[in-house]
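# A structural walkthrough
Each chain, written out:
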Amino acid sequence: MKRRSVLAGIAAAFTAGCTKIGETDTFRGLVDGAETLHRGAHRLVGGRRPMAREFTVADLSPDFRGNGTIAIPTDAYQAQLAAGFPAWRLAVTGLVERPLSLSLDHLQALPQRTQITRHDCVEGWSAIGQWTGPRLATILQMARLREDARYIVFRCADTLAGVPYYESCDLDDALHPQTLIAHRLNGEPLPEKNGAPLRLRIERQLGYKHAKYLTGIEAVASLDGIGQGGGGYWEDRAGYQWYGGI
Ligand SMILES: Nc1nc2c(c(=O)[nH]1)N[C@H]1C(S)=C(S)[C@@H](COP(=O)(O)O)O[C@H]1N2
Ligand SMILES: [Mo]
(Lines give C-alpha, C1' and ligand atoms only; values in the text may rest on other atoms or scores of the structure.)
(Ligands and ions follow the chains in the order given, each with its own letter.)
Protein backbone atom coordinates (compact mmCIF):
# COMPACT_ATOMS: atom_id res chain seq x y z
CA MET A 1 0.00 0.00 0.00
CA LYS A 2 2.73 2.40 1.03
CA ARG A 3 4.71 1.61 -2.12
CA ARG A 4 1.71 2.28 -4.28
CA SER A 5 1.10 5.68 -2.72
CA VAL A 6 4.75 6.75 -3.03
CA LEU A 7 4.85 5.71 -6.68
CA ALA A 8 1.52 7.39 -7.30
CA GLY A 9 2.96 10.56 -5.80
CA ILE A 10 5.95 10.45 -8.12
CA ALA A 11 3.79 9.71 -11.14
CA ALA A 12 1.67 12.71 -10.22
CA ALA A 13 4.80 14.86 -9.92
CA PHE A 14 6.02 13.75 -13.34
CA THR A 15 2.70 14.22 -15.03
CA ALA A 16 2.64 17.69 -13.50
CA GLY A 17 5.74 18.13 -15.70
CA CYS A 18 7.40 20.31 -13.13
CA THR A 19 11.21 20.47 -13.05
CA LYS A 20 11.34 22.71 -10.01
CA ILE A 21 9.79 19.99 -7.91
CA GLY A 22 12.97 17.97 -8.52
CA GLU A 23 14.97 20.56 -6.62
CA THR A 24 12.98 20.26 -3.44
CA ASP A 25 14.04 17.95 -0.63
CA THR A 26 10.58 16.46 -0.44
CA PHE A 27 10.82 15.23 -4.01
CA ARG A 28 14.32 13.81 -3.49
CA GLY A 29 13.07 11.98 -0.46
CA LEU A 30 10.24 10.52 -2.46
CA VAL A 31 12.57 9.39 -5.25
CA ASP A 32 15.15 7.84 -2.91
CA GLY A 33 12.42 6.09 -1.00
CA ALA A 34 10.88 4.74 -4.17
CA GLU A 35 14.25 3.44 -5.40
CA THR A 36 14.81 1.61 -2.15
CA LEU A 37 11.33 0.15 -2.34
CA HIS A 38 11.88 -0.83 -5.96
CA ARG A 39 15.16 -2.61 -5.16
CA GLY A 40 13.44 -4.36 -2.29
CA ALA A 41 10.64 -5.55 -4.52
CA HIS A 42 13.16 -6.77 -7.08
CA ARG A 43 14.95 -8.81 -4.42
CA LEU A 44 11.61 -10.29 -3.37
CA VAL A 45 11.07 -11.74 -6.84
CA GLY A 46 14.57 -13.21 -6.92
CA GLY A 47 16.86 -10.27 -7.57
CA ARG A 48 17.23 -11.17 -11.21
CA ARG A 49 19.24 -8.94 -13.45
CA PRO A 50 17.31 -8.29 -16.65
CA MET A 51 20.05 -9.39 -19.06
CA ALA A 52 23.25 -11.40 -18.70
CA ARG A 53 26.40 -9.54 -19.72
CA GLU A 54 27.44 -9.96 -23.35
CA PHE A 55 31.03 -9.85 -24.60
CA THR A 56 32.89 -9.24 -27.88
CA VAL A 57 34.74 -11.61 -30.21
CA ALA A 58 37.99 -10.37 -28.65
CA ASP A 59 36.87 -11.97 -25.38
CA LEU A 60 36.22 -15.47 -26.81
CA SER A 61 37.98 -18.33 -25.04
CA PRO A 62 40.40 -20.06 -27.43
CA ASP A 63 38.78 -23.41 -26.61
CA PHE A 64 35.40 -23.87 -25.01
CA ARG A 65 35.98 -26.94 -22.87
CA GLY A 66 33.50 -29.75 -22.53
CA ASN A 67 32.24 -30.85 -19.13
CA GLY A 68 29.97 -33.58 -17.78
CA THR A 69 29.02 -35.78 -20.71
CA ILE A 70 31.42 -34.97 -23.55
CA ALA A 71 30.65 -37.88 -25.89
CA ILE A 72 27.75 -40.21 -26.65
CA PRO A 73 29.35 -43.47 -27.79
CA THR A 74 26.20 -45.17 -29.13
CA ASP A 75 26.17 -46.27 -32.78
CA ALA A 76 22.96 -44.34 -33.41
CA TYR A 77 24.38 -41.05 -32.12
CA GLN A 78 27.72 -41.47 -33.85
CA ALA A 79 25.99 -42.22 -37.18
CA GLN A 80 23.87 -39.09 -36.80
CA LEU A 81 26.89 -36.99 -35.83
CA ALA A 82 28.73 -38.13 -38.96
CA ALA A 83 25.71 -37.31 -41.14
CA GLY A 84 24.91 -33.90 -39.62
CA PHE A 85 21.91 -35.09 -37.57
CA PRO A 86 19.31 -35.35 -40.39
CA ALA A 87 17.01 -37.47 -38.21
CA TRP A 88 17.41 -35.52 -34.94
CA ARG A 89 14.16 -34.08 -33.62
CA LEU A 90 13.35 -31.72 -30.78
CA ALA A 91 9.99 -32.77 -29.36
CA VAL A 92 7.87 -30.04 -27.80
CA THR A 93 5.26 -31.67 -25.60
CA GLY A 94 3.30 -31.37 -22.37
CA LEU A 95 1.05 -28.41 -21.62
CA VAL A 96 0.99 -26.96 -25.14
CA GLU A 97 -1.92 -26.57 -27.57
CA ARG A 98 0.21 -27.69 -30.48
CA PRO A 99 2.90 -30.33 -29.82
CA LEU A 100 5.84 -30.08 -32.22
CA SER A 101 8.62 -32.24 -33.55
CA LEU A 102 11.29 -29.93 -34.95
CA SER A 103 14.15 -30.88 -37.25
CA LEU A 104 17.48 -29.03 -37.24
CA ASP A 105 16.54 -27.48 -40.59
CA HIS A 106 13.34 -26.15 -39.12
CA LEU A 107 15.12 -24.74 -36.05
CA GLN A 108 17.70 -23.07 -38.28
CA ALA A 109 14.98 -21.51 -40.43
CA LEU A 110 13.46 -19.68 -37.44
CA PRO A 111 14.66 -16.18 -36.48
CA GLN A 112 18.12 -16.58 -34.92
CA ARG A 113 19.95 -14.80 -32.13
CA THR A 114 23.74 -14.77 -31.68
CA GLN A 115 25.26 -13.82 -28.33
CA ILE A 116 28.66 -13.94 -26.67
CA THR A 117 28.36 -14.88 -23.02
CA ARG A 118 30.35 -16.33 -20.14
CA HIS A 119 29.58 -19.83 -18.92
CA ASP A 120 30.28 -20.38 -15.23
CA CYS A 121 30.60 -23.93 -13.94
CA VAL A 122 30.30 -24.57 -10.21
CA GLU A 123 33.36 -26.80 -10.47
CA GLY A 124 35.39 -23.61 -10.74
CA TRP A 125 35.96 -22.71 -14.37
CA SER A 126 34.46 -20.24 -16.85
CA ALA A 127 34.59 -19.87 -20.63
CA ILE A 128 33.33 -17.27 -23.07
CA GLY A 129 31.62 -18.51 -26.21
CA GLN A 130 29.42 -17.26 -29.03
CA TRP A 131 26.12 -19.08 -29.31
CA THR A 132 23.55 -19.06 -32.12
CA GLY A 133 20.04 -20.44 -32.25
CA PRO A 134 16.36 -19.59 -32.08
CA ARG A 135 14.97 -18.22 -28.85
CA LEU A 136 13.16 -20.77 -26.74
CA ALA A 137 10.37 -18.15 -26.55
CA THR A 138 9.84 -18.43 -30.32
CA ILE A 139 9.44 -22.20 -30.08
CA LEU A 140 7.08 -21.98 -27.10
CA GLN A 141 5.03 -19.41 -28.97
CA MET A 142 4.74 -21.76 -31.95
CA ALA A 143 3.63 -24.57 -29.64
CA ARG A 144 1.21 -22.26 -27.78
CA LEU A 145 1.84 -22.74 -24.10
CA ARG A 146 -1.27 -23.51 -22.11
CA GLU A 147 -2.15 -21.30 -19.17
CA ASP A 148 -1.42 -24.00 -16.62
CA ALA A 149 2.21 -24.39 -17.81
CA ARG A 150 4.64 -23.14 -15.14
CA TYR A 151 7.97 -24.86 -15.90
CA ILE A 152 9.86 -26.12 -18.92
CA VAL A 153 11.67 -29.44 -18.62
CA PHE A 154 14.65 -30.17 -20.89
CA ARG A 155 15.28 -33.78 -21.93
CA CYS A 156 18.73 -34.91 -23.03
CA ALA A 157 20.10 -37.84 -25.02
CA ASP A 158 22.88 -38.73 -22.54
CA THR A 159 22.94 -40.56 -19.24
CA LEU A 160 25.32 -40.12 -16.32
CA ALA A 161 25.79 -43.32 -14.30
CA GLY A 162 22.83 -44.76 -16.19
CA VAL A 163 20.44 -41.89 -15.33
CA PRO A 164 19.19 -39.51 -18.03
CA TYR A 165 20.43 -35.93 -17.68
CA TYR A 166 17.62 -33.40 -17.50
CA GLU A 167 17.03 -29.84 -16.40
CA SER A 168 14.16 -27.40 -15.94
CA CYS A 169 13.44 -23.70 -15.52
CA ASP A 170 10.55 -21.38 -14.84
CA LEU A 171 8.80 -19.33 -17.51
CA ASP A 172 10.73 -16.16 -16.64
CA ASP A 173 13.95 -17.82 -17.82
CA ALA A 174 12.26 -19.86 -20.58
CA LEU A 175 10.84 -16.73 -22.23
CA HIS A 176 13.91 -14.57 -21.59
CA PRO A 177 15.40 -13.08 -24.79
CA GLN A 178 18.84 -14.63 -24.15
CA THR A 179 17.49 -18.15 -23.62
CA LEU A 180 18.31 -20.05 -26.81
CA ILE A 181 18.16 -23.51 -28.28
CA ALA A 182 21.69 -23.22 -29.61
CA HIS A 183 23.00 -25.20 -32.58
CA ARG A 184 26.22 -23.25 -33.18
CA LEU A 185 29.24 -22.41 -31.04
CA ASN A 186 31.66 -19.77 -32.34
CA GLY A 187 30.03 -19.93 -35.77
CA GLU A 188 30.41 -23.70 -36.21
CA PRO A 189 27.89 -26.50 -35.65
CA LEU A 190 28.02 -27.53 -31.98
CA PRO A 191 30.88 -29.95 -31.33
CA GLU A 192 30.02 -33.30 -29.76
CA LYS A 193 31.62 -32.33 -26.44
CA ASN A 194 29.44 -29.21 -26.17
CA GLY A 195 26.12 -30.97 -26.78
CA ALA A 196 25.65 -31.55 -30.52
CA PRO A 197 23.31 -30.96 -32.19
CA LEU A 198 21.28 -28.83 -29.74
CA ARG A 199 21.83 -27.38 -26.27
CA LEU A 200 20.19 -24.88 -24.04
CA ARG A 201 21.73 -21.48 -23.32
CA ILE A 202 20.13 -19.98 -20.24
CA GLU A 203 22.47 -17.14 -19.57
CA ARG A 204 21.49 -16.00 -16.09
CA GLN A 205 22.06 -19.48 -14.71
CA LEU A 206 25.06 -21.62 -13.75
CA GLY A 207 26.61 -24.16 -16.12
CA TYR A 208 24.70 -27.25 -15.05
CA LYS A 209 21.38 -25.64 -16.12
CA HIS A 210 22.59 -25.48 -19.78
CA ALA A 211 21.24 -28.87 -20.87
CA LYS A 212 23.17 -30.44 -23.80
CA TYR A 213 22.13 -33.08 -26.40
CA LEU A 214 18.54 -31.83 -26.28
CA THR A 215 15.84 -34.20 -27.49
CA GLY A 216 12.76 -32.65 -25.95
CA ILE A 217 11.23 -29.77 -24.11
CA GLU A 218 8.15 -30.36 -22.05
CA ALA A 219 5.82 -27.80 -20.48
CA VAL A 220 4.59 -28.87 -17.04
CA ALA A 221 2.61 -27.46 -14.12
CA SER A 222 4.81 -29.06 -11.47
CA LEU A 223 8.22 -30.73 -11.21
CA ASP A 224 6.86 -33.45 -8.93
CA GLY A 225 7.29 -36.90 -10.43
CA ILE A 226 9.95 -35.76 -12.90
CA GLY A 227 13.27 -37.40 -12.10
CA GLN A 228 13.40 -37.25 -8.30
CA GLY A 229 11.44 -34.01 -8.25
CA GLY A 230 14.42 -31.70 -7.78
CA GLY A 231 14.13 -30.20 -11.26
CA GLY A 232 17.42 -31.49 -12.63
CA TYR A 233 20.00 -34.24 -12.61
CA TRP A 234 22.38 -32.49 -10.22
CA GLU A 235 19.59 -30.96 -8.15
CA ASP A 236 18.32 -34.53 -7.58
CA ARG A 237 21.64 -35.99 -6.48
CA ALA A 238 24.13 -33.35 -5.34
CA GLY A 239 21.80 -30.79 -3.84
CA TYR A 240 22.64 -28.16 -6.45
CA GLN A 241 20.23 -25.22 -6.30
CA TRP A 242 17.35 -25.45 -8.76
CA TYR A 243 17.55 -21.68 -9.20
CA GLY A 244 21.24 -21.57 -10.19
CA GLY A 245 21.28 -17.82 -10.74
CA ILE A 246 24.63 -16.13 -11.23
N1 LIG B 1 23.05 -33.37 -21.22
C2 LIG B 1 23.95 -32.82 -20.41
N3 LIG B 1 23.96 -31.49 -20.25
C4 LIG B 1 24.86 -30.90 -19.44
C5 LIG B 1 25.81 -31.66 -18.71
C6 LIG B 1 25.80 -33.08 -18.90
O7 LIG B 1 26.60 -33.83 -18.32
N8 LIG B 1 24.85 -33.62 -19.76
N9 LIG B 1 26.72 -31.04 -17.87
C10 LIG B 1 26.37 -29.68 -17.43
C11 LIG B 1 27.47 -28.94 -16.82
S12 LIG B 1 27.83 -29.24 -15.18
C13 LIG B 1 28.12 -27.93 -17.46
S14 LIG B 1 29.29 -26.96 -16.70
C15 LIG B 1 27.86 -27.68 -18.89
C16 LIG B 1 29.14 -27.86 -19.67
O17 LIG B 1 28.96 -27.44 -21.00
P18 LIG B 1 30.15 -27.63 -22.00
O19 LIG B 1 30.41 -29.11 -22.10
O20 LIG B 1 29.71 -27.03 -23.28
O21 LIG B 1 31.35 -26.94 -21.39
O22 LIG B 1 26.88 -28.52 -19.45
C23 LIG B 1 25.83 -28.84 -18.59
N24 LIG B 1 24.85 -29.56 -19.34
MO1 LIG C 1 29.16 -27.52 -14.47
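Below: a short report on this structure. Keep in mind that this is a model prediction, so the values were computed, not measured.

Note that Lys 209 resides in the loop between β10 (199-202) and β11 (214-220). Owing to a relative accessible area of 2%, Lys 209 belongs among the buried residues under this scheme. Separated by 2.9 Å, the side chain of Lys 209 and the backbone oxygen of Ser 168 make a polar contact. Apart from residues no more than four positions distant in its own chain, Lys 209 is found in contact with Glu 167, Ser 168, Leu 200, Ile 202, Glu 235 and Trp 242.

What follows covers the sheet that holds β11. Here we have five strands laid out as an open sheet, ordered β2-β1-β11-β5-β6, and mixed in their pairing. Of all strands in the sheet, those bounded by a partner on one side alone are β2 (100-103) and β6 (163-170). Strand-to-strand twist of the sheet, defined as the mean angle between neighbouring strand axes without regard to direction, takes the value 20°. In the sheet, strand β5 (residues 151-160) pairs with β11 via six bridges, with the strands oriented antiparallel.

Position of Asp 158 among the secondary structure elements: in strand β5. No salt bridge is formed by the buried Asp 158; the nearest opposite charge belongs to Lys 212, separated by 6.8 Å. Here the side chain of Asp 158 touches Thr 69 through a polar contact of 2.5 Å, side chain to side chain. Discounting chain neighbours no more than four positions away, the residues touching Asp 158 are Thr 69, Ile 72, Val 163, Pro 164, Tyr 165, Lys 212 and Tyr 213.

Another point: the nonpolar core. Judged by nonpolar contacts, the single largest core of 47 residues is most densely connected at Phe 154, Leu 214 and Ile 217. Here the element with the most residues in this core is helix α5 (residues 136-143); it accounts for five residues. Other than its neighbours up to four places away in sequence, Ile 217 contacts Leu 90, Ala 91, Val 92, Thr 93, Leu 136, Ile 139, Leu 140, Ile 152, Val 153 and Phe 154. Judged by nonpolar contacts, the second largest core, of six residues, contains Tyr 151, Tyr 166, Leu 223 and Ile 226.

Within the structure, ligand 1 sits among 22 residues, and Arg 65, Asn 67, Thr 69, Asp 158 and Lys 212 are positioned closest to it. Taking Arg 199, its side chain carries an N or O atom lying 3.0 Å from an oxygen atom of ligand 1. Within the side chain of Lys 212, a nitrogen or oxygen atom sits 2.5 Å from an oxygen atom of ligand 1. Contact with the protein chains hides 99% of the accessible area of ligand 1, taken as 530 Å² for the molecule alone.

Attention now moves to the packing of aromatic side chains. Counted under the stated rule, the structure contains eleven aromatic pairs. For the pair Tyr 151 and Trp 242, a centre-to-centre distance of 5.7 Å together with 80° between the ring planes defines the contact as edge-to-face. With a gap of 91 residues between them, Tyr 151 in strand β5 and Trp 242 in the segment after α7 (233-237) connect regions that are remote in the sequence. For Tyr 151, a relative accessible area of 16% translates into the label buried. Note on Trp 234 and Tyr 240: the rings are 5.6 Å apart at their centroids and 20° apart in plane angle, and the pair reads as stacked. An aromatic cluster is defined as three or more aromatic residues linked by ring pairs; in this entry it consists of Tyr 165, Tyr 208, Tyr 233, Trp 234 and Tyr 240. The side chain of Arg 237 reaches across the aromatic face of Tyr 233, ending 4.2 Å from its centre.

What follows concerns the sheet that holds strand β3 (residues 113-121). Pairing within the open sheet is antiparallel, and its four strands lie in the order β3-β4-β8-β9. A single partner strand is all that each edge strand has here, and the edge strands are β3 and β9 (188-189). Both β3 and strand β4 (residues 125-133) contribute to a ladder of nine bridges, which runs antiparallel. Opposite Gln 115, over in β4, you have Trp 131 as the bridge partner.

With that out of the way, let us pick up the environment of Ile 202. Along the polypeptide, Ile 202 turns up in strand β10. You can call Ile 202 buried: its relative accessible area is 1%. Distance in space between the C-alpha atoms of Ile 202 and Ala 174 is 7.9 Å, their sequence separation being 28 residues. Among residues more than four places away in sequence, those in contact with Ile 202 are Cys 169, Asp 173, Thr 179, Lys 209 and His 210.

Procedures and definitions
Residues numbered from 1 in each chain as written. Chains lettered and ligands numbered in written order. Predicted model: local features only at pLDDT ≥ 70, side-chain atom pairs only at ≥ 80, totals over all residues. Heavy atoms only, no water. Helix = DSSP H or I, 4+ residues; strand = E, 2+ residues; numbered from the N terminus. Buried < 20%, exposed > 50% of the residue type's maximum accessible area, 1.4 Å probe, protein only. Polar contact = N/O pair within 3.5 Å; in protein donor to acceptor, adjacent residues only side chain to side chain. Contact = heavy atoms within 4.5 Å. Pairing = 2+ DSSP bridges. Axes fitted to C-alpha atoms, helices over the stretch in contact; angles between N-to-C directions. Lys, Arg positive; Asp, Glu negative; His and termini not counted. Salt bridge = Lys/Arg side-chain N within 4 Å of Asp/Glu carboxyl O. Core = buried A, V, L, I, M, F, W, Y, C linked by side-chain atoms within 4.5 Å. Near = heavy atom within 4 Å. Areas by Shrake-Rupley, 256 points an atom, 1.4 Å probe, with all protein chains shown as cover. Phe/Tyr/Trp six-rings, centres within 6.5 Å; stacked < 30°, edge-to-face > 60°. Lys NZ or Arg CZ within 6 Å of the ring centre and 35° of its normal.

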